[in-house]
There are 2 protein chains.
Amino acid sequence: MAEENYDSRKIDGRSLSKKVEEQVKQGVDKLKAEKGVTPGLATILVGDDPASKMYVRLKHKACERVGIHAEDQNMPESTTQEELMQKIQELNDREDIHGILLQLPLPKHLDDKSAMLAIDPAKDADGFHPYNMGKLLIGDEGLVPCTPKGVIRALEEYDVAIQGKHAVIVGHSNVVGKPMAAMLINRNATVSVCHVFTDNLKKFTLDADILVVGTGVMHLIKADMVKEGAVIFDVGITEKEGKVYGDVDFDNVVKKASLITPVPGGVGPMTIAILMEHVLMAASNC
Amino acid sequence: MAEENYDSRKIDGRSLSKKVEEQVKQGVDKLKAEKGVTPGLATILVGDDPASKMYVRLKHKACERVGIHAEDQNMPESTTQEELMQKIQELNDREDIHGILLQLPLPKHLDDKSAMLAIDPAKDADGFHPYNMGKLLIGDEGLVPCTPKGVIRALEEYDVAIQGKHAVIVGHSNVVGKPMAAMLINRNATVSVCHVFTDNLKKFTLDADILVVGTGVMHLIKADMVKEGAVIFDVGITEKEGKVYGDVDFDNVVKKASLITPVPGGVGPMTIAILMEHVLMAASNC
């Protein structure tokens, strides 16, 4: 018997992100034509971390594709807090820059919290500023964290109902788990947030209609932990011997899921597409 | 056989709030002695709603007890948005006012959202400003909504472990449910947020180690919906024929709970005590 083909269950983050980018491109063109405004994103990269450099490069390439002006503010490893704060203030003040992205992690001698607080919330492309996180929590979503927003967009694109469904989130980080919970609560899902302190994780994941996993623990979620027909988003990334793995044991879990994101090619591309959307949003509101 | 006495299971919000107020009073005395600063709370009440007037009066009485200067900014029903915004700005600018409380609901012709946004986050005694809600969501709790904070304080005072416990919240309002979820996630509970769209509410409540209910549906939670030994907070209030009822069928649920708040005399007094704590906190930080 030939092995079943599960391709139709795969949430194709790459083609989804192309669709979003196409919409952003149209919005950018319109903004240029109607108001003469070219959306601008400034990325701040302090030091030479290779992974951070790669992420910044991916974002700049996306900007190129959609017609957003991208500017690389590369600062040396030796940058002082004061210099970083000055740079942020300078970008806050510039009219041609609508989005500011501080690439994390910063070198250890710098305080990322005060730096992120210094970014004008209206230019906070990453959506991590407390003001934007608070608006998210009270249901007034503007600039919000890009990865969970990408999950919401995928749910919408694949016509997955959210209201009344049991959404289980594994991982309670500020970047994924907590904003993801807020977005799903705002859309009237019943939301359970699990994490490393959760007793009997399987009990929760087995009950999930929608499962979002972002822990960084390779293949934490096995087939016997998910419900038949669940919709699954894998936000985890583990690199091992040159290969990239998610938090979900995709090859086995796909047999039970109705929809599931692969790693790579799932939520990653969506995150960048949403970032583009945010820069356009910020430029349109200015 | 005599009926069992469940008094020891009752979380006594009145005596707990006295304890908190006593601590606040000591802090206020210290602040006066050491820095010559008297904490000041200004309440803004627009119109003559009797319930709102009563709430404001309760808060002013608490201020008196702990030595906080309380000021009643009573504005007529006919107040315009501009006048309200001016009043808020005036209070933001005053050095002797450390906490500002806008009593809700406002008359229908006024926009509460922009009014609340205008309050200086550092003086936001109620903790509803997006900036403070966002800090809460990312785990940097300062001025936060008073009612859920009162629940956390009660859990601490009664030595109830939170980490790893399953906390179930019924109701997803901005005032109680959502900030309550954030506080419990920050303390490493596994948190489920249920509400009117939840399918099979009982399945969730039956599994709760800690249950917080704030829906305004009288006696929604019955004895067969809770686990033996659960710790239960009833944040609901329904008035009926001159009597006040909670969301929990107390008389029957108390037989299964290990700890439970009554209505009235549970979370209500705690909310006001936490408000006092916030004004002291704001005055200490200035």
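What you see is a predicted model; the values in this text were computed from it and never measured.

**Student:** Outline the interface of chain A and chain B, supporting the account with residue identities and numerical values.
**Tutor:** In this assembly, 34 residues from chain A lie in contact with 34 residues from chain B. Note on chain A versus chain B: buried area summed over both sides is about 2,900 Å², and carbon and sulfur give 62% of it. The partner of Asp207(A) in a salt bridge is Lys203(B), with the nearest N and O atoms 3.0 Å apart. The interface formed by chain A and chain B holds 19 residue pairs in polar contact (both at pLDDT 80 or more) in total. Secondary-structure elements contributing two or more residues to the side of chain A that touches chain B are helix H4 (112-118), helix H5 (130-137), helix H7 (177-186), strand E5 (190-194) and helix H8 (201-205) of chain A.

**Student:** With reference to specific residues and values, describe the pairing of strand E1 (residues 40-46) of chain A.
**Tutor:** Residue and element names in this part refer to chain A. Within E1, seven of the seven residues are buried, which leaves it mostly tucked inside the rest of the structure. With seven bridges connecting them, E1 and strand E2 (residues 69-75) associate as parallel partners. Counterpart to Leu41 in the pairing with E2 is Ala70. The pairing of E1 with strand E3 (residues 99-102) spans four bridges and is parallel. Bridge pairing in E3 links Ala42 to Ile100.

**Student:** Quick rundown of unusual backbone geometry? Include the residues and the values.
**Tutor:** One can expect most non-glycine residues to show negative phi and most peptide bonds to be in trans. All names here are of chain A. Residues Val263 and Pro264 are joined by a peptide bond in cis, for which omega reads 0°. Even without being glycine, Asn200 reaches a positive phi, approximately 60°. Considering the arrangement of structural elements, one finds Asn200 in the loop between E5 and H8. Given the relative accessible area of 45%, Asn200 is considered partly exposed. Look at Glu241: it is not a glycine, yet its phi comes out positive at around 45°. For Glu241, a relative accessible area of 78% corresponds to the exposed category.

**Student:** Hey, could you go over a nonpolar patch on the surface for me, with residue numbers and the actual values?
**Tutor:** Where nonpolar side chains cluster on the molecular surface, the patch consists of Met54(A), Tyr55(A), Leu58(A) and Ile237(A) and spans about 350 Å² of accessible area. For Met54(A), a relative accessible area of 36% translates into the label partly exposed.

**Student:** Got a sec to walk through the UniProt feature "binding site: NADP(+)" (unreviewed entry) in chain A? Specific residues and values, please.
**Tutor:** As recorded in UniProt, the sites labelled "binding site: NADP(+)" (unreviewed entry) are Gly171(A), His172(A), Ser173(A) and Ile237(A). Here His172(A) lies in the loop between strand E4 (166-170) and H7. By relative accessible area, His172(A) is classed as partly exposed at 21%. In this structure His172(A) touches Gly177(A), Lys178(A), Val193(A), Cys194(A), His195(A), Ile185(B) and Asn188(B), once residues within four positions along its chain are discounted.

**Student:** Please give an account of the side chain of Lys123(A) that cites residues and values.
**Tutor:** Residues and elements named next belong to chain A. Along the chain, Lys123 turns up in the loop between H4 and H5. Here Lys123 occupies a buried position and makes no salt bridge, while the nearest side chain of opposite charge, Asp120, is found at 5.5 Å. At a separation of 2.8 Å, a polar atom in the side chain of Lys123 contacts the main-chain carbonyl oxygen of Ile97. Here Lys123 is in contact with Leu91, Asn92, Asp93, Arg94, Ile97, His98, Gly99, Ile100 and Leu143, once residues within four sequence places are set aside.

**Student:** For the UniProt feature "domain: Tetrahydrofolate dehydrogenase/cyclohydrolase NAD(P)-binding" (unreviewed entry) in chain A, give the residues involved together with the corresponding values.
**Tutor:** Mapped onto this structure's residue numbering, the UniProt feature "domain: Tetrahydrofolate dehydrogenase/cyclohydrolase NAD(P)-binding" (unreviewed entry) falls at residues 145-284 of chain A. With 35% helix and 19% strand, the stretch residues 145-284 of chain A has end C-alpha atoms that lie 19 Å from each other.

**Student:** Pulling in residues and values, what's your account of the relation of the copies chain A and chain B?
**Tutor:** Overlay of chain A on chain B (RMSD 0.0 Å): rotation 180°, translation along the axis 0.0 Å. When the rotation and shift are considered jointly, the pair of chain copies conforms to a two-fold rotation axis. The share of interface residues of chain A whose copies in chain B are also at the interface is 100%, consistent with both copies meeting through the same surface.

**Student:** Can you break down the nonpolar core residue by residue, with the values?
**Tutor:** Grouped burial of nonpolar side chains is what soluble globular proteins tend to show. Ranked by size, the top nonpolar core spans 105 residues in total, and within it Leu155(A), Leu184(A), Leu155(B), Leu184(B) and Phe233(B) carry the most contacts. Those residues in contact with Leu155(A), other than ones at most four positions away along the chain, are Val160(A), Ile162(A), Leu184(A), Ile210(A), Val231(A) and Phe233(A).

**Student:** Run through the sheet that holds strand E4 (residues 166-170) of chain B, naming residues and quoting values.
**Tutor:** The strand order across the open sheet formed by ten strands is E10(A)-E7(A)-E6(A)-E4(A)-E5(A)-E5(B)-E4(B)-E6(B)-E7(B)-E10(B), and the pairing between neighbours is mixed. The strands lining the two open edges of the sheet, one partner per strand, are strand E10 (259-260) of chain A together with strand E10 (259-260) of chain B. Of the pairings in the sheet, the one linking E5(A) to strand E5 (residues 190-194) of chain B comprises three bridges and is antiparallel in character. The residue bridging Val193(A) from the neighbouring strand is Val191(B), located in E5(B). Sheet contacts for helix H6 (residues 146-157) of chain A: strand E6 (210-213) and strand E7 (231-234) of chain A; angle to E7(A), the most-contacted strand, approximately 150°. Most of the contacts of helix H7 (residues 177-186) of chain B go to E4(B), to which it runs at about 170°, and overall it touches E5 of chain A together with E4, E5 and strand E6 (210-213) of chain B.

The rules behind each value
Residues numbered from 1 in each chain as written. Chains lettered and ligands numbered in written order. Predicted model: local features only at pLDDT ≥ 70, side-chain atom pairs only at ≥ 80, totals over all residues. Heavy atoms only, no water. Contact = heavy atoms within 4.5 Å. Buried area = accessible area lost by both parts, 1.4 Å probe. Salt bridge = Lys/Arg side-chain N within 4 Å of Asp/Glu carboxyl O. Polar contact = N/O pair within 3.5 Å; in protein donor to acceptor, adjacent residues only side chain to side chain. Helix = DSSP H or I, 4+ residues; strand = E, 2+ residues; numbered from the N terminus. Buried < 20%, exposed > 50% of the residue type's maximum accessible area, 1.4 Å probe, protein only. Pairing = 2+ DSSP bridges. Patch = residues over 30% accessible without salt bridge, like charges linked within 9 Å, V, L, I, M, F, W, Y side chains within 5 Å. Areas by Shrake-Rupley, 256 points an atom, 1.4 Å probe, with all protein chains shown as cover. UniProt positions renumbered as here; feature names shortened; annotations may be inferred. Lys, Arg positive; Asp, Glu negative; His and termini not counted. Least-squares fit on C-alpha atoms with pLDDT ≥ 70 in both. Core = buried A, V, L, I, M, F, W, Y, C linked by side-chain atoms within 4.5 Å. Axes fitted to C-alpha atoms, helices over the stretch in contact; angles between N-to-C directions.

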